[in-house]
Amino acid sequence: MLRASALAAVLVAGCGGAPTSTNYTQTWTKAYGATTCADWRDIMSEHQKFVMAADILYASQKKVEPEIGLPSDSLVGQFQGQIQGLCLTHGTDDVVTVSFIVWTTGQDVFAP
């Protein structure tokens, strides 16, 4: 199983400041930290995945630049795609850990 540092906890904790547009209304009721890649891959809708990716990306960006605006749909889509790719090979890992890996290996793309 993949391991994450304390930043993963920051990612989850930071999700409270999620975007407020109806495009970002989350209908997934399971806590992000308890959501596995199997959930992501087999149960979640594309909208739920998009919103989770947006929440985590936005929270991560705000840790770096507190006044940043919402990420573009295109950037969220890229982040979502990277999570999807890792979840295909790491089905038992939680999505927050996978998101941490995507964030740390893709900071040149995802960081503000």
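In this report, we go over the structure that sits alongside the text. Computed from a predicted model, the values in this text were never measured in an experiment. (Residues numbered from 1 in each chain as written. Predicted model: local features only at pLDDT ≥ 70, side-chain atom pairs only at ≥ 80, totals over all residues. Heavy atoms only, no water.)

Here we look at the state of the cysteines
Disulfide: a covalent bond connecting the sulfur atoms of a pair of cysteines.
Okay, so step 1: What the rule picks out here adds up to 1 disulfide.
Okay, so step 2: Paired by a disulfide, Cys 37 and Cys 87 hold their sulfur atoms 2.1 Å apart. Handedness here is read from the sign of the S-S torsion; for Cys 37 and Cys 87, about -55°, the answer is left-handed. With Cys 37 in helix H2 (residues 37–42) and Cys 87 in helix H4 (residues 73–89), the pair connects residues that are 50 residues apart, well separated along the chain. Exposure class is identical for Cys 37 and Cys 87. Each is buried. (Disulfide = S-S within 2.5 Å. Helix = DSSP H or I, 4+ residues; strand = E, 2+ residues; numbered from the N terminus. Buried < 20%, exposed > 50% of the residue type's maximum accessible area, 1.4 Å probe, protein only.)

Some words on the packing of helix H3 (residues 46–64) against H4
Okay, so step 1: Close contact between H3 and H4 brings their axes to 9 Å; oriented N to C, the two are set at 105°. If you check the angle between H3 and H4, you find them roughly perpendicular. Contacts between H3 and H4 involve Glu 46, Lys 49, Phe 50, Ala 53, Ala 54, Ile 56, Leu 57 and Gln 61 from the first element and Asp 73, Leu 75, Val 76, Gly 77, Phe 79, Gln 80, Ile 83 and Gln 84 from the second.
Okay, so step 2: A class-by-class count of the residues in the contact of H3 with H4 yields 9 nonpolar, 4 polar and 3 charged. (Axes fitted to C-alpha atoms, helices over the stretch in contact; angles between N-to-C directions. Parallel < 35°, antiparallel > 145°, perpendicular 65-115°, else oblique. Contact = heavy atoms within 4.5 Å. Nonpolar A, V, L, I, M, F, W, Y, C, P; charged D, E, K, R; others polar.)

Here we look at the packing of H4 against helix H5 (residues 95–105)
Okay, so step 1: At their nearest, the axes of H4 and H5 sit 9 Å apart, and the two run at 120° to each other. In this view, H4 runs oblique relative to H5, as classed from their interaxial angle. Between H4 and H5 lies a crossing whose hand is right-handed. Residue-level inspection shows Phe 79, Gln 82, Ile 83, Leu 86 and Cys 87 of H4 in contact with H5, the latter providing Val 95, Val 98, Ser 99, Ile 101, Val 102 and Trp 103. (Left-handed = near helix turned anticlockwise from the far one by under 90°.)

Remarks on H4
Side chains three or four residues apart in an α-helix point the same way, a direct result of the helix having 3.6 residues per turn.
Okay, so step 1: Over its 17 residues, H4 extends 25 Å from the first C-alpha to the last, a length consistent with the 24 Å expected when each residue adds 1.5 Å.
Okay, so step 2: Three or more residues of H4 are buried, namely Leu 75, Val 76, Phe 79, Gln 80, Ile 83 and Cys 87. End-on view of H4: buried residues confined to an arc of 135°, all on one side of the axis. Of the exposed residues in H4, the ones pointing more than 90 degrees away from its buried face are Leu 88 and Thr 89.
Okay, so step 3: Buried-residue contacts for H4 involve H2, H3, H5 and helix H6 (107–110). (Expected span 1.5 Å × (residues − 1). Arc of directions from axis to C-beta.)

That's the geometry; what it means functionally is another story.
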